[in-house]
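Structure assessment
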Amino acid sequence: MSIVAKETIEVIAQSIGINNLSDDAALSLAPDVEYRMREIMQEAIQCMRHSRRTILTTDDVDGALNLRNVEPVYGFTSGGPLQFKRAIGHRDLFYIDDRDVDLKEVIEAPLPKAPLDTGVACHWLAIEGVQPAIPENAPVGVIAAPSNGNTHEQKDELPVDIRLPVKHVLSRELQLYFDKITELTLRKSDSALFKEALVSLATDSGLHPLVPYFTFFVADEVSRGLNDYSLLFALMRIVWSLLQNPHIHIEPYLHQLMPSVVTCLVSKKLGNRIADNHWELRDFTAKLVALICKRFGHVYNTLQTRLTKTLLNALLDPKRALTQHYGAIQGLAALGPNVVRLLILPNLEPYLRLLEPELLLEKQKNEMKRYEAWRVYGALLRAAGQGIYERLKIFPPLPSPPGHTIWKSKEKVVTAVPNKRKASMEPLEDEPALKKIATDGPIGSLALVTTLAPSGQNDAGQPSSSEKKTANRVGKDGQTLKKSAILNQIWKDDLNSGHTLVTLLELLGEGILSFIPSPEMSLFL
Amino acid sequence: MENMQAVNNFVAAYLKKKGFKEAEQLLEDLQNKESAPIDFHNDPELAKFIHRFSQSEDDVARYQDGYSKLRSWTYSSLDLYKHELLRVLYPVFIHSFMDMVAKGHLQEARTFFNNFREDHELMHSRDLQKLEGVLSQSHLEEMEFARSLRQSKVNIKICQYSYDLLLQYLHKTQSTAMLGVINEHINFQVSSGQPSSISDDAEVVTLIGSCQDTANQINQKEIHWGLLEDSLEERLEKAGGLLSDSEKTEEENKEGDADDTKKRSVESGKQGASTKKLKKEKALNATAKSARPEASTTPAAPRVKAKLPLPLMSTEVEQSILEDLRNRVQLSSVLLPSVSFYTFLNTHNGLNCSSISHDGSLVAGGFSDSSLKVWDMAKLGQQGGSSILQAENDSTSSEHVVGPNGGKRSYTLFQGHSGPVHSATFSPLGDFILSSSADTTIRLWSTKLNANLVCYKGHNYPVWDVQFSPVGHYFASASHDRTARIWSMDRIQPLRIMAGHLSDVDCVQWHANCNYIATGSSDKTVRLWDVQNGECVRIFIGHRSMILSLAMSPDGRYMASGDEDGMIMMWDISSGRCITPLMGHTSCVWTVAFSCEGSLLASGSADCTVKLWDVTTSAKVPRNEEKSGNPNRLRLLKTLATKSTPVYSLQFSRRNLLFAAGALSKNL
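All figures in this text were calculated on a predicted structure; none of them were measured in a lab.

With that out of the way, let us pick up the overall build of chain A. For chain A, the count of helices and strands is 22 helices and three strands. Per-residue burial over chain A gives 41% buried out of 525 residues. Counting only contacts in chain A whose residues sit at least 6 apart along the sequence, the fraction spanning at least 24 positions is 65%. Surface summary for chain A: the accessible area is close to 30900 Å², and the carbon and sulfur share equals 58%.

If you want it as C-alpha cells, here you go:
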C-alpha cells in the first residue's frame, strides 16, 4: 500500500533494538513513515528553492530536518554514490557497501587542496539590448529559438554576430620558430635540419597561431619564386606537413593556400634550369591537391569542382604548354579514378590527336618538346590505366566456370605482355630520348603493364557482351544457362564502362600502334 | 409503506374500539402532517440525499466507478462546454480521494489516486505531491492543506447550460457519490449566457484554503496605490531639473511634517519652520500640482501621503540622485537597456542569494556557510580583477584573512550568522546591508565600518527574505513562520507582524509609496498588506506554484510576481486582478525588476536567461482583447542567455542600467 514496505519497518525496528514489533504495528507505521518522509522532502524542496538551486542536496534535507527540530543526519559524506552489493550465497539479498572509516585515517590524511576562493567577474551581458559576442556570453547560436510565437519577433532583433577584431599575439618562441622555419625553407631546403623541421610542422601541437603566417609565407614565396625549383618544392613540403598536423585547423586558410598549390601543379615553368626535375614537383603537388580534396572536399563542396574545372581548362587548352598539360593530367589522376573516367577519358581521343604530332620524331624536331610530349603521354597512359584498373577492380568477381575462359584468355594476355613490352622496348631503343624515359622513369612502361593486364582481363569479358558471337560461345560451352543469365546481367550493368573501355583501348592502341607490331594488336582486337 | 399503512389502520381501529378519542385524533393529525410536507417519492433531492446516506456505508468502489464515468462523460462532452466541465473534475477527484481516505479505504484510495493523477498533473502537480502522502485519517487532520481543502468550498464559474448538463448527467446515472462530493465541496457560480473561454480559468481552479468570498471581500478594500507626494522624481519634473538650493531645503523641511520626530534629531537644525509654514507650502504645492497636470507627459499617478514617518535625505545625496535622474536613459520596447552581469565564480554551490546596490557598485552574496560577502565592484574594476587588496581595517569585526595564496581577499567578509544566509538587501544609499538567515535572525551591517551593527531577533523560523523600503530605514522580512514583519532599523522589535498566509512567506517587496508591502507565499498567493495597520488589503490568486520573486512598478500601479514554474504574472494592484501571465521561462524565476520609469520588466531565472518584457503593451491591452489574440504575443522583447549562470538578482540603477548577478554553475 505504501511505498515503505512492512518489512522495512521491521528491519528498522530491529536495527534500533525492537525485536518483537507486531505485524499490525509495522503495518500502521508504514504509511505514517511514508507521510513523514514526504513531508520532510517537501520542506527540503522549500529549502532548496531558498538556496536558489534546482538540484536537491543533502544540505536541504538537513535544513528541512532542522526546521522540524529533528537532529540532522550526521555522517561522513562519501564521495561516490552508494553501491548495492549482492550478498554472497543469496539471490535477492543486497546490502550497501558501507565500509568503516577509521577516524584516525581521516584525521591524518593530508589536507585536500583548498578550493578556489569565491570571486566576482563582471561583463556586459547586453549593450542596449544587443549581446556582444564576447567569450563570457553564450554564443548567439546556442539560444534555441523558442517554440512559441515569439520566434518571428526575436528574429528581427537577433543581434548580428559582429566579431570584434582580435589582436593576434604571437609568443616570442613562436616568432623564433617561424623565423627559423622560413629561413630554412629559403636557404637550406635540402639539409637534414629542414627534414626535421617538416616533421615538427607535421606533429607539433602548438603551431596553430602560426598557420596564417605560414599560409601567407607560402603564397608570397610561390608568387615570387617560380624560378626557384628547390624553394617551390620546399614550400610544397611545408604545406604537406601542415596538412598532416592533426592539431592544426587549416580549413579557414585553404583559400589562401590553394592558388599557390595549383600554381605549382600547372605552372608553365617551374624552376629555370633544365636539371630541375619539375616533373617530380608536379607529381608531389598533385598528391597534395588530392589530399586537400579528400580532407576538405566534404566541407567545401565546391572545392573539388572548382579545382577540376581549372585543371581541365588547362588540359584542353591546346595553346598551353605541355608541362601544364602534364600537371593537369597528374592533378586529375590524383583525384581518383572517377575523375579520370569522367573528365579525361571522354577527352582522350581529341587530345591524343593533338599530342600525336608532338610525339613523332619526324614531326617534332625539338628534342626537348618531344621529351615533354612523351612525359605527357606517359602520364596520360597511367591516368587512364589507373582509372580503368580501379573500375575493373570493383567489378564483381566472375563465377568460376567462365573464369576458366577468362583465365585462359588472361594467360594469353600475360604471355603477351612480356612480348609486348619487349616490343615496346624495341622501338624505344631506336630512340635514345625515349629510352631514357623508360629507364629512369618507369612510368610509361609500368602504366602499360597496368593498363594491359586489367584490360586483358576485361578483354575476355568484353567481347562477350558487346560482340555477341564470342560471348555466346563462351556462355554456352563453359557454363549452365543460369549462370550465363547472371553474367549477362553483370555485363549489362557494366556495359557502359565496357564501351568506354573499348574506345579507350582503341585509342591507346592507336597510340601504341606506331610502336607495337601488328601481330600483338590482333590479339587485342 | 404498505406495512406502515396497515399498522396505522390497525392502531386507529384499536383506539376507536377502546374509545381513545383524543389519541385517535392526534394520530390522524400526525399522519396527515407527515404525508403532506415530506413526499419521499416526489422530491428528487431528498431522495438522493437519503439514498446517499443509505449507501454511505457502501463499498468505496462507488467513488472510483463514479469518477471514471464522470470523467469519460466529461471528456466526450461538447467542446464548447468541455473545459468548463473539466474544471469540475479536479475538485471532485481530490475530494473523492480524501473521502476514501477518511473512510479508511487506503488501498483503494491509493489506486484511485494513481489511476487518475495523470489528468491533473499538469495543473496541480504540487498539490498532488502533497496529497499523495496522505495515507490515513490522522494525516488528513494533521495536514493543513488537506484540512483547509476539506473545510472550504471551491468556487467554479460555469454557464447555465453546462450546469444543467452536469446535473442532468448526475441524476440520470444515479452517481450519488459524485453528486455528494459536488454538493459538499463545490460552489457553482452559475452564469447565464455563453460559456467562458478557456484562458479564463487560471484563478478559478486554484484551490485556496481561505474562502474565496473572504478573498473577494478583502479585494474590495480601498487601496491608495499612488506615489508618494513630493518624491524626487516629481520635483525633478516640476522644476525641470533646475532646483535652487533654497527651494530644496524648504522642501526638505516639508518632509518633516510627520509626527515622529525621533529620526529628525540629526537634522533638527533645519527644522526651524513652523507647522503653519509647512501647511502653507503644502497648499502651494497642491495648487502647483493641479496647475500643471498637462505639463507632465506621462499620465500622472495620483499622489498619496506617506503613512509612515519617512527618513530625511541629506542634500548631497539628494543632489546625486537628482543628477542620476537627469541622466536617466529612457527605456522602451525599442530601446533596451544595457545589462552588466556579475558572475560569481567558485561558489561551490554555496551561493544562496545575491544583491546589488542601487548604483551597482556593491555586490553582496549570501552563502550557505553562513557568511555574507560584499564585493566593491568599483575597486574591482580599477585594479582589473584578481589581486585586489581591500583596504584593510583591523579594528573592524569582519576580519580580513590572508588568502591561501598570500593575496588578500577581493571582498569583505561579514561573519555573524549561524545558518545559511537566504537573503541580503542594500539600503537605498548603499551604506547598510541587511541579511536574513536560517538562524532566524536578521543582521544589519554597515558597509562603511564593515561591521555588524544590529541583530534583529523576532522570527521563530528561518527568515527567507528581507527587503529595505525604498526610502530606507524600514525593512520587511518574510519567514518560514508564515508571517511577514515590518521593522525599523532603530528598534530590535518588529513594528508590525503580518499574519495570514497559509504557508511559508517566501518573498517580500515594498510598494513604491512605502505604505504597503507585498508578500509571496508557498500557498501560491500574493498578498498586499497595509503597513500602517497590518491588515491584508489584497489577495492575488492565480499562481500555480510557490512564489519566488516580486517587483512593484515604480508608478505603483502594477506588481509582477514570478513563480517556481517559470510563470510571471502581472497584477493590477487596485483591482487585484491578473493583467496577464508572462510565459517564457522554463524554470524558477528567481528575480524580477521593473525599469525605473516602469516601461520594462526584467526577469531572471534558473534557466540561465534574463528576459525583458514590455510592460506598457502588456498592461494596456485590455483583457478581453487579450483572449482573442495570441495570448502571449509580443510581450517578450528579448532573451539574453548567460553561459550556464542562473540569474539570482536583477537591479535597475537610477540611470536605468540593468545589473544582474548569478553564480556560474557547471552542473546545470
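Now for helix α2 (residues 23-50) of chain A. All names here are of chain A. With 28 residues, α2 extends 41 Å between its outermost C-alpha atoms, agreeing within 8% with the 40 Å of an ideal straight helix rising 1.5 Å per residue. Along α2, the helix axis deviates most sharply at L29, where the bend reaches about 25°; the proline P31 sits within four residues downstream. Within two residues after α2, R52 carries a phi angle of roughly 55°, on the positive side.

On to unusual backbone geometry. Residue and element names in this part refer to chain A. At E128, a position not held by glycine, the phi torsion is positive, near 50°. Its place among the elements puts E128 in the loop between β3 (119-126) and α5 (151-157). You can call E128 exposed: its relative accessible area is 56%.

All names here are of chain B. Spatially, four strands are ordered β6-β7-β8-β9 in an open sheet, and the strand pairing comes out antiparallel. Edge positions in the sheet fall to β6 (351-356) and β9 (411-415), since each has one partner strand and no second. Each adjacent strand pair in this sheet contributes to an overall mean axis angle of 20°, direction not counted. Both β6 and strand β7 (residues 362-367) contribute to a ladder of five bridges, which runs antiparallel. The residue bridging S355 from the neighbouring strand is A364, located in β7.

Now for the packing of aromatic side chains. The full count for this structure, using the stated rule, is 25 aromatic pairs over all chains. Plain terms: the ring middles of A:W279 and A:Y326 are 4.7 Å apart, the flat faces sit at 85° to each other, and that makes the pair edge-to-face. Separated by 47 residues along the polypeptide, A:W279 in helix α11 (residues 278-296) and A:Y326 in helix α13 (residues 322-334) bring together distant segments of the chain. Considered together, A:W279 and A:Y326 belong to a single accessibility category, that of buried residues. Consider the rings of B:Y67 and B:F93, whose centres lie 5.6 Å apart with planes at 45°: the pair is tilted. Of this pair, B:Y67 sits in helix α4 (residues 61-75) while B:F93 sits in helix α5 (residues 79-102); the two residues are 26 residues apart in sequence, bridging distant segments of the chain. Exposure remark for B:Y67: the relative accessible area of 0% places this residue in the buried category. What makes B:F93 buried here is its relative accessible area of 0%. Through a chain of ring-to-ring contacts, the aromatic side chains of B:Y67, B:F93, B:F97, B:F112, B:F113 and B:F116 assemble into a single cluster. The side chain of A:R237 reaches across the aromatic face of A:F284, ending 5.8 Å from its centre. Taking the ring centre of B:F367 as reference, the NZ or CZ of B:K373 above it sits at 4.4 Å.

Glancing now at the pairing of strand β26 (residues 589-594) of chain B. All names here are of chain B. Here β26 lies mainly inside the structure; six of its six residues are buried. Of the strand pairs in this sheet, β26 and strand β27 (residues 600-605) are connected by five bridges, and their pairing is antiparallel. Bridged to V592 within β27 is S603. The turn linking β26 back onto β27 is made up of five residues, and G598 within it adopts a positive phi angle of 80°.

UniProt annotation of "repeat: WD" (unreviewed entry) refers to residues 344-377, 414-446, 456-497, 498-539, 540-581 and 582-623 of chain B when read in the numbering used here. Between the end C-alpha atoms of residues 344-377 of chain B the distance is 12 Å, and the span holds 3% helix and 59% strand.

With that settled, consider the pattern of salt bridges. Under the counting rule described, the total for this entry stands at 22 salt bridges over all chains. As a salt-bridge pair, A:K6 and A:E10 come within 3.7 Å of each other at their nearest N and O atoms. Placement of the pair is A:K6 and A:E10 together in helix α1 (residues 6-15), with a separation of four residues, close to one helical turn. Residue A:K6 is classed as partly exposed on the basis of its relative accessible area, which comes to 22%. Taking the shortest distance from any N to any O, the salt bridge between A:D60 and A:R53 comes out at 2.9 Å. The same class applies to A:D60 as to A:R53, namely buried. Salt bridges linked by common partners bring A:D32, A:R36, A:E39, A:E43, A:R68 and B:E142 together as one network.

Before going further, it helps to spend a moment on the confidence of the model for chain A. All names here are of chain A. Mean pLDDT over chain A: 70, with 64% of residues reaching 70 or higher. Here α5 stands out as the least confident element of chain A, with mean pLDDT 38; helix α3 (residues 58-67) is the most confident, with 88. Below a pLDDT of 50 lies the segment residues 141-161, which in the model reaches 18 contacts outside its immediate sequence neighbourhood of four places, other chains included.

Residue and element names in this part refer to chain B. Structurally, the position occupied by R655 is in the loop between β30 (647-652) and β31 (658-663). C-alpha separation for the pair R655 and C596, spaced 59 residues apart in sequence, amounts to 7.7 Å. Apart from residues lying up to four places away in sequence, R655 is in contact with E323, D324, N327, R328 and V329.

The next thing to look at is α13(A). Residue and element names in this part refer to chain A. Across its 13 residues, α13 extends 18 Å between first and last C-alpha, which sits within 8% of the 18 Å expected from 1.5 Å per residue. The buried fraction of α13 amounts to twelve of the 13 residues, a majority that puts the element mostly inside the structure. Taken together, the buried positions of α13 are occupied by L322, T323, Q324, H325, Y326, G327, A328, I329, Q330, G331, L332 and A333. Backbone geometry just after α13 places G336 at a positive phi near 120°.

Let's shift gears to the sheet that holds strand β15 (residues 474-479) of chain B. Residue and element names in this part refer to chain B. Taken in spatial order, the four strands make up an open sheet running β14-β15-β16-β17, and their pairing is antiparallel. Edge positions in the sheet fall to β14 (463-468) and β17 (496-499), since each has one partner strand and no second. Sheet twist, expressed as the mean angle between neighbouring strand axes with direction ignored, is 20°. Here five bridges tie β14 to β15, and the two strands are oriented antiparallel to one another. Bridge pairing in β15 links V466 to S477.

Residue and element names in this part refer to chain A. Note on placement: D283 falls in helix α11. On the basis of relative accessible area, D283 is assigned to the partly exposed category, the value being 23%. Each C-alpha atom of the pair D283 and Q330 lies 6.4 Å from the other, and the pair is 47 residues apart in sequence. Ignoring sequence-local partners within four residues, the contact set of D283 consists of Y326 and Q330. Among the polar contacts made by the side chain of D283, one reaches the side chain of Y326 at a distance of 2.9 Å. At a separation of 2.9 Å, a polar atom in the side chain of D283 contacts the side chain of Q330.

This part takes up the packing of helix α8 (residues 211-224) of chain A against helix α10 (residues 254-266) of chain A. Residue and element names in this part refer to chain A. One way to put it is that α8 packs onto α10 with a least axis distance of 9 Å and a crossing angle of 35°. Read as a crossing pair, α8 and α10 show a hand that is left-handed. For the pair formed by α8 and α10, the contact residues are T215, V218, A219 and V222 on the first element and Q256, L257, S260, T263 and C264 on the second. Residue composition of the contact of α8 with α10, by class: five nonpolar, four polar and no charged.

What follows deals with the nonpolar core. Of all hydrophobic cores here, the largest spans 81 residues; its most connected members are A:I238, A:I329 and A:L355. No other element matches helix α9 (residues 229-244) of chain A, which puts eleven residues into this core. Beyond its immediate stretch of four places on either side in the chain, A:L355 contacts A:L322, A:A373, A:V376 and A:Y377. In this structure, B:V101, B:A109, B:L140 and B:A177 belong to the second largest nonpolar core, which totals 46 residues.

Each partner contributes to the interface: chain B provides 67 residues, whereas chain A provides 51 residues. A combined buried area of about 5300 Å² lies between chain B and chain A, and 54% of that area is made up of carbon and sulfur atoms. Inspection of the chain B/chain A interface yields four salt bridges. If you look at where chain B meets chain A, you find 25 residue pairs in polar contact (both at pLDDT 80 or more). Of all the secondary-structure elements, those providing two or more residues to the side of chain B that touches chain A are α6 (106-132), α7 (137-142), β5 (339-345), β6, β8 (371-376), α17 (377-383) and β29 (636-641) of chain B. For the side of chain B that touches chain A, the leading source of residues is β5(B), giving seven residues. Here the side of chain B that touches chain A is built from residues that sort into 35 nonpolar, 21 polar and eleven charged.

Thresholds, definitions, all that
- Residue positions within a chain follow its written sequence, with the count starting from 1.
- Written order determines the labels here, with chains lettered from A and ligands numbered from 1.
- Given that the model is predicted, a residue must reach a pLDDT of at least 70 before its local features are reported, and side-chain atom pairs must reach 80 or more before they are shown or counted; all residues, however, enter totals for whole chains, interfaces and linings.
- No hydrogens and no water enter the side-chain calculation; it runs on all heavy atoms of the structure.
- Each helix is a run of H or I in the DSSP string that is no shorter than four residues. Each strand is a run of E no shorter than two, and both are numbered from the N terminus.
- The rule is simple: take the accessible area with a 1.4 Å probe, protein chains only, and divide by the maximum for that residue type; under 20% is buried, over 50% is exposed, in between is partly exposed.
- Any two residues whose heavy atoms approach within 4.5 Å at even a single point are treated as in contact.
- Under the convention used here, a 1.4 Å probe and the Shrake-Rupley method define accessible areas, while residue burial counts only the protein chains that appear.
- A helix is expected to reach a length of 1.5 Å times the quantity of its residues less one.
- By definition, a residue's bend is the angle between the axes fitted to the seven residues ending there and the seven starting there.
- Paired strands are those between which DSSP finds at least two bridges.
- Fitted lines through C-alpha atoms give the axes, limited to the stretch in contact for helices. The angle between two N-to-C directions lies from 0 to 180 degrees.
- Aromatic rings from Phe, Tyr and Trp, with only the six-membered ring used for Trp, were paired whenever their centres fell within 6.5 Å, and each pair was classed as stacked if the ring planes differed by under 30 degrees, edge-to-face if by over 60, and tilted otherwise.
- Here, over-ring charges are defined by two tests on the NZ atom of lysine or the CZ atom of arginine: distance to the ring centre within 6 Å, and angle to the ring normal within 35 degrees.
- UniProt positions are given in the numbering used here, feature names are shortened, and annotations may be inferred rather than shown by experiment.
- Take a side-chain nitrogen of Lys or Arg and a carboxyl oxygen of Asp or Glu: if they are within 4 Å of each other, that pair is a salt bridge.
- Every residue carries a pLDDT, the predictor's confidence in it, which falls somewhere between 0 and 100.
- In protein, a polar contact requires one atom able to donate a hydrogen and another able to accept it; more generally it is a pair of N or O atoms within 3.5 Å, and residues adjacent in sequence count only if both atoms are side-chain atoms.
- By definition, any crossing whose near helix is turned counterclockwise from its far helix by less than a right angle is left-handed, and any crossing with a clockwise turn is right-handed.
- Here the nonpolar group is Ala, Val, Leu, Ile, Met, Phe, Trp, Tyr, Cys and Pro; Asp, Glu, Lys and Arg are the charged ones; every other residue, Gly included, is treated as polar.
- Definition used in this section: a nonpolar core is a set of buried Ala, Val, Leu, Ile, Met, Phe, Trp, Tyr and Cys residues joined via side-chain atoms within 4.5 Å.
- Summed over both partners, the accessible area lost on bringing two parts together, with a 1.4 Å probe, is the buried area.

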